[in-house]
Amino acid sequence: VILLHLLLSPLFLSPTLLAQPSNDDCSTATSITGGQTPFDNFNATNSGIPVDSSQCSGTSVSNSGNDVWFSYTAPENGFLDVTTCPAGFDTDLVIYDGDCANLNQLSCNGDACFGFSSTILAQSVDPGATYLIRVGGFNGTQGSGILELTLHVLVVLADGDALSSSYLWYSLIT
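Residues numbered from 1 in each chain as written. Predicted model: local features only at pLDDT ≥ 70, side-chain atom pairs only at ≥ 80, totals over all residues. Heavy atoms only, no water.

Another point: the nonpolar core. Of all hydrophobic cores here, the largest spans 22 residues; its most connected members are F70, V82, I133, V135, L147 and L149. Elements with a contribution of two residues or more to this core: strand 3 (65-73), strand 4 (78-83), strand 5 (91-97), strand 7 (119-125), strand 8 (130-137) and strand 9 (144-159). By residue number, the principal contributor to this core is strand 9, which donates four residues. (Core = buried A, V, L, I, M, F, W, Y, C linked by side-chain atoms within 4.5 Å. Buried < 20%, exposed > 50% of the residue type's maximum accessible area, 1.4 Å probe, protein only. Helix = DSSP H or I, 4+ residues; strand = E, 2+ residues; numbered from the N terminus.)

Right, dumping it as structure tokens:
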């Protein structure tokens, strides 16, 4: 019995046998709205999609290993802030438009706050457009955190029949 236990134990401890997150691939991205969404990338695999680090000015982004995916459909025009700060591990954050077969990287970040978590500020979004958000670990690190999305909408105020040149920015959590 002991010999059988020793022979079978590695099979049950193997990371390949542990369940992967349901949003482990782009094609199974979890649909989210604004606000806070808990996440973890334990047992996630590497999508193998290279990150264009030239869009990550001033930060250090790896190939975003052990990544999980989210999809966000913008309810209106605005600027989207996306952050993992403060996550419990070193995260990489990438935003794409297009579909999984034709990803177009829009922005990325790897080191925006304490603990090397990530923040992308003021990503322009269009109403009805779907954006794919990839959260990975720098060089494959794993952990858990909160993904937070805040949509900033530009409101034009009207003075009677004429539009004024006054603009008001406010946060709309959708």
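By the definition in use, this model includes one disulfide. In this model, C26 is linked to C100 through a disulfide, with the two sulfur atoms separated by 2.0 Å. Disulfide C26-C100: torsion about the S-S bond near -85 degrees, hence left-handed. Of this pair, C26 sits in the loop between helix 1 (2-13) and strand 1 (30-32) while C100 sits in the loop between strand 5 and strand 6 (104-109); the two residues are 74 residues apart in sequence, bridging distant segments of the chain. Classification of C100 as partly exposed rests on a relative accessible area of 33%. (Disulfide = S-S within 2.5 Å.)

To continue, consider the environment of Q123. Relative to the helices and strands, Q123 resides in strand 7. Residue classification places Q123 among the buried positions, given a relative accessible area of 12%. Beyond its immediate stretch of four places on either side in the chain, Q123 contacts G78, F79, L80, I95, L106 and S107. In terms of polar contacts, Q123 uses its side chain to reach the side chain of S107, at 2.8 Å. (Contact = heavy atoms within 4.5 Å. Polar contact = N/O pair within 3.5 Å; in protein donor to acceptor, adjacent residues only side chain to side chain.)

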